[in-house]
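Residue strings, one per chain:
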Amino acid sequence: MRHPQLYALHIAHVDCDAFYASVEKRDRPELAARPVIVGGGVRGVVSAACYIARLSGVRSAMPMFKALAACPDAVVIKPDFAKYVAASRQIRALMNTLTPLVQPLSIDEAVLDLSGTEALHRAPPAVALARFALAVEREAGVTISVGLAPNRLLAKIAAGRDKPRGFCVIGGEARALLAPESVRLLPGIGPAFARKLESLGITKLAHLQALDEREALRRLGEDGPALVRRARGEDSRIVDPGRETKSVSAETTFDTDLSRREDLERHLWRLSEKLARRLREADLAAAGLTLKLKTSRFASRTRAQRLSSPSRLPDTLFETARALLARETDGTAYRLIGIGAQPLAPGSDADLPDLADPLRPKRAAAQAAIDALRAKFGGDAIGKGRGFPGRRDKC
Amino acid sequence: MKFKADRATLMKALAHVQSVVEKRNTIPILANVMIAARDGKLTLTATDMEIAIVEEVAATGVQDGSCTAPAGTLYEIVRKLPEGAEIQLDHAGGEAQLALRAGRFATALVVLPTDDFPSMTAGALPHRFSVSALALRGLIDRTRFAISTEETRYYLNGIYLHAAESDGEQVLRAVATDGHRLARVEEPLPAGAASMPGVIVPRKTVAELRKLLDEVSGDVDVALSDTRIQFKAGSITLTSKLIDGTFPEYDRVIPRDNDKVLRVGKADFAAAVARVSAISSERSRPVKLSVEKNLLEISAASPEQGTAREELDEGRMSYNSSPLEIGFQARYLNDITDQIAGEVEFRFSDGAAPTVVRDAADSSALYVLMPMRV
């Protein structure tokens, strides 16, 4: 590999290739040459698709029936998150031998700052990263793609350019390299925003690069100048290992579309419990809640509500989300429901005494008892009635 | 229908009723005021289906009849007529337009049929009592700041009005809380109120009533049922639906045993809190009170802006218990001290427990404040 700045760059973006699918292939070598899709349930979505499946057009987050229509001979595997978390930890441990400045972005993605590590590795970052990629393949059994660049934005773009098993470097040529690309290349520009930009005559990053500060402000509003800087490949974000999670959520796709409020609420209650558990595990609390629904026609609806005070009690999460849901149960059939905690608050702020809720301490104690039972006897040992179908549903 | 009224009288009445009219309503007739003349008496009525205001207006040359006309437009027209003008309104009935004349000005307004105008008068109001406008103002002013705007707990979106016993006295009690602070204010129980049910008066009703009370002296007649409340003051009658919900058992959250007592002059305290909290533009940042024997330090810190502190010592405050640190939202402290005239009394338990705040010279109001972590 050649690049004039190869040995000077030190921000790396590491992305595992088709992570869940790769872990599954690692454990079942006979699937190596087969298209593999990891995803759940009759009506779930694709969590990950191997590169062979992607050749047929399968993408992650695609509904399973569409994926199977595109790639009928795919092997579908139910996700085994415990296994993926274990593999992720293994890779994270290897990252930590490279540099202490590792900021995980998700289970299979992280950004690393390797500045000042040359003496330690007796090699420049580029070489250390190449050794690291081989170590991951050897020890964790999955392949990764690495982007090396002067900043986080370019590192992420680089990591995506040469997948799978890639190693791509972007340096001083960034601006010229980005110019002919579609605006969609920038993280954060989705189809809706791209359409808006297109209506302004902006389709290529070159169009954004050409705007000066004032012009950007005038045409694109408050965030315009920042967008222009990113289009030029500039990014001043640091790699921050202490960076907290921004949201915690839980969602489920139904086996058949649901429109009745009581059916949706039953799922909502289970999700509230799941969300509460995840918040407790992360020692966080929800300061606000987002309800997410997807209609049978794949239109998304999200509704948000601040909580009067941060909480991680399933009851409180449920009651808040239920009020949001009530306004959306207008006969529309939904295929998916989810709730998310956002913004988050520290766990120490969760469920403080509330003057309007004299019984809250009692409910918190009851929840602690339920958690203790579940820890001892498993998740289904005890549950509230509202989590189960009513008599009316059975007949 | 036909009558004459002077501009000032009509404008005042229209101002009252039109403030109830929903500004962005989807039902056209709710934007209208009903003008009705019966037996020589003229009334104006407006409603948003939750609240209705009826006002009797002095008029001359009254011929019976009724119609409904756009409240906002009518008010604007009357407001712009010259002072002292005599206004004549004339409606021939049915779908005819409402003719308004004043001097050489004339207008004709499109009307909607009276039959479509929603009525809120139905139903008996078995509990009746009278309370002075002054007392009612006190109940509202000292509690309304604590009314919650949280939609999920809709039963907190109003003032809980009920009969209670306080230190052996029968009282009419108003309570409001948003979970962070609670205000409880009492007035001697008026005759006839002992058997009233506890009712939650919605925030908008409270606001409309409070506006009317500015113009009223003397007594207000209150009548209520489980679902409706009516206030009658002079020529104005305000009827409102009540919030259908259960107010929390607030008594459980009022601490009884807080024994660390801080007393501080209201003016000194409020000014110091205002100065110190200016360091942070973030409204939810806490102000810290550090109190020890005869010394109170009020401080605030903002990671971006810096720190500020102010001391109040002997002569301006008194405290005679073990040292304590506790944080509160500055705005919440202000809302409460705004209601206190002379000396503020804080009763603490510890830095994490609800604190009781009172006017040292007035036992009729009690406030509870949740601390924030500092």
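Everything numeric here is computed off the predicted structure, so don't read it as measured data.

Here is what the cut-offs are and how they apply
- Residues numbered from 1 in each chain as written.
- Chains lettered and ligands numbered in written order.
- Predicted model: local features only at pLDDT ≥ 70, side-chain atom pairs only at ≥ 80, totals over all residues.
- Heavy atoms only, no water.
- Helix = DSSP H or I, 4+ residues; strand = E, 2+ residues; numbered from the N terminus.
- Contact = heavy atoms within 4.5 Å.
- Areas by Shrake-Rupley, 256 points an atom, 1.4 Å probe, with all protein chains shown as cover.
- Buried < 20%, exposed > 50% of the residue type's maximum accessible area, 1.4 Å probe, protein only.
- Pairing = 2+ DSSP bridges.
- Salt bridge = Lys/Arg side-chain N within 4 Å of Asp/Glu carboxyl O.
- Axes fitted to C-alpha atoms, helices over the stretch in contact; angles between N-to-C directions.
- Arc of directions from axis to C-beta.
- Buried area = accessible area lost by both parts, 1.4 Å probe.
- Polar contact = N/O pair within 3.5 Å; in protein donor to acceptor, adjacent residues only side chain to side chain.
- Nonpolar A, V, L, I, M, F, W, Y, C, P; charged D, E, K, R; others polar.
- Parallel < 35°, antiparallel > 145°, perpendicular 65-115°, else oblique.
- Core = buried A, V, L, I, M, F, W, Y, C linked by side-chain atoms within 4.5 Å.
- Left-handed = near helix turned anticlockwise from the far one by under 90°.

A. View of the overall build of chain B. When you go through chain B residue by residue, the secondary structure sums to six helices and 26 strands. Here the contacts in chain B between residues at least 6 apart in sequence split such that 68% fall between residues at least 24 apart. Summing over all exposed atoms, chain B offers an accessible surface of approximately 17100 Å²; the carbon and sulfur share of this is 46%.

B. Just the overall build of chain A, in detail. Across its full length, chain A carries 16 helices and 13 strands. For chain A, buried positions account for 46% of its 395 residues. Summarising the internal contacts of chain A: among those between residues at least 6 apart in sequence, 65% fall at separations of at least 24. Entry remark: accessible area of chain A is about 19800 Å², with carbon and sulfur atoms responsible for 52%.

C. Region of interest: the pairing of strand β4 (residues 51–57) of chain B. Residues and elements named next belong to chain B. Of all seven residues making up β4, five are buried, and the element is well covered by its neighbours. Bridge count for strand β3 (residues 41–47) against β4 is six bridges, and the pairing is antiparallel. What sits directly across from L42, in β4, is V57. In textbook terms, the turn of a hairpin is the stretch between consecutive antiparallel strands, and for β3 and β4 this stretch comprises three residues, one of which, M49, has a positive phi near 80°. As defined by bridge partners, β4 adjoins strand β17 (residues 236–241) across five bridges and the pair is classed as antiparallel. Pairing of E55 across the sheet is with I236, part of β17.

D. Representation of the pattern of salt bridges in the model. Tallying each qualifying case throughout the model produces 44 salt bridges over all chains. Among the ionic pairs, A:R26 bridges to A:D27, the shortest N-O distance being 2.9 Å. For A:R26, a relative accessible area of 29% gives the class partly exposed. Among the salt bridges present, the one from B:E187 reaches B:R142, with a minimum N-O distance of 3.7 Å. One end of the pair, B:E187, is in strand β13 (residues 181–188); the other, B:R142, is in the loop between α3 (133–141) and β11 (158–166), and 45 residues separate them in sequence. For B:E187, a relative accessible area of 17% gives the class buried. Among the charged side chains, a salt-bridge network with shared partners connects A:E24, A:R26, A:D27 and A:K83.

E. Molecular detail of the sheet that holds strand β23 (residues 324–329) of chain B. All names here are of chain B. Strand order across the open sheet formed by four strands is β21-β20-β19-β23, with antiparallel pairing between neighbours. Pairing within the sheet leaves two strands with one partner each, and these edge strands are β21 (306–313) and β23. Across this sheet, the average inter-strand angle for adjacent strands is 20°, counted without regard to direction. Alignment of strand β19 (residues 286–292) against strand β20 (residues 295–302), held across five bridges, turns out to be antiparallel. Its bridge partner being in β20, L289 is matched across the sheet by I298.

F. Region of the structure containing helix α2 (residues 71–80) of chain B. Of all the positions in α2(B), only B:A71, B:L74, B:Y75, B:I77 and B:V78 are classed as buried. What you see down the axis of α2(B) is that its buried residues fit within an arc of 165°, all on one side.

G. The interface of chain A and chain B, seen in detail. Counting residues at the interface gives 18 residues for chain A and 18 residues for chain B. Across the chain A/chain B interface, buried area totals approximately 1400 Å², and carbon plus sulfur atoms make up 59% of it. There are one salt bridge connecting chain A and chain B. A salt bridge links B:R153 to A:D354, with the shortest nitrogen-to-oxygen separation between them at 2.8 Å. Where chain A touches chain B, the interface holds five residue pairs in polar contact (both at pLDDT 80 or more). Put simply, the parts of the chain that give the side of chain A that touches chain B at least two residues each are β11 (300–311) and α14 (314–326) of chain A. Residues that form the side of chain A that touches chain B fall into these classes: seven nonpolar, five polar and six charged.

H. Quick look at the sheet that holds strand β26 (residues 362–369) of chain B. All names here are of chain B. An order of β14-β11-β12-β13-β26-β25-β24-β18-β22 is seen for the nine strands of this open sheet, with the pairing classed as antiparallel. Strand pairing shows two members of the sheet lacking a second neighbour, β14 (199–202) and β22 (317–319), which therefore form its edges. Neighbouring strand axes in the sheet, compared pairwise and without regard to direction, differ in orientation by 20° on average. Where helix α6 (residues 330–337) meets the sheet, its contacts fall on β13, β24 (343–348), β25 (355–359) and β26, and the angle it forms with β26 comes to roughly 170°.

I. Geometry of the packing of helix α1 (residues 19–27) of chain A against helix α4 (residues 81–98) of chain A. All names here are of chain A. Close contact between α1 and α4 brings their axes to 10 Å; oriented N to C, the two are set at 95°. By the angle between their directions, the pair α1 and α4 is classed as roughly perpendicular. In this structure, α1 contributes F19, Y20, V23, E24, R26 and D27 to the contact, and α4 contributes F81, K83, Y84, A87, S88 and I91. Classifying every residue of the contact of α1 with α4 by side-chain character gives seven nonpolar, one polar and four charged.

J. Structural context of the side chain of A:Q209. Looking at the secondary structure, you find A:Q209 in helix α10 (residues 205–209). Beyond its immediate chain neighbours, meaning those up to four positions away, A:Q209 contacts A:R175, A:L178, A:A179, A:A231 and A:R232.

K. View of the nonpolar core. The biggest cluster of nonpolar side chains holds 100 residues, and the ones touching the most others in it are B:L296, B:I298 and B:F348. Ignoring any residue separated from it by four or fewer positions in sequence, one finds B:L296 in contact with B:L262, B:V264, B:F269, B:L289, B:S290, B:V291, B:E310, B:E311, B:L312 and B:M317.

L. Quick peek at unusual backbone geometry. The peptide bond linking A:K163 to A:P164 adopts the cis configuration, its omega dihedral lying at -15°. Looking at where A:P164 falls in the secondary structure, it is placed in the loop between α7 (152–161) and β8 (167–169). Residue A:P343 is bonded to the preceding A:Q342 through a cis peptide linkage, with omega at 0°. The backbone phi angle of B:M49 is positive, close to 80°, even though this residue is not glycine. With respect to the element layout, B:M49 can be found in the loop between β3 and β4.

M. Spotlight on the environment of A:V75. Residue and element names in this part refer to chain A. Along the chain, V75 turns up in strand β4 (residues 75–77). Judged by relative accessible area, V75 falls into the buried class, the value being 14%. Distance in space between the C-alpha atoms of V75 and I37 is 6.0 Å, their sequence separation being 38 residues. Once residues within four sequence positions are removed from consideration, V75 is found in contact with L31, R34, P35, V36 and I37.

N. Representation of the packing of helix α5 (residues 266–277) of chain B against α6(B) in the model. All names here are of chain B. Following both chains from N to C, one finds α5 and α6 inclined at 155°, their axes separated by 10 Å at the closest point. Looking at the two axes, α5 sits roughly antiparallel to α6. Helix-helix and strand crossings are classified by hand; for α5 and α6 the assignment is left-handed. On α6, the residues that touch K266, F269, A270, V273 and S277 of α5 are A330, L333, N334 and T337.

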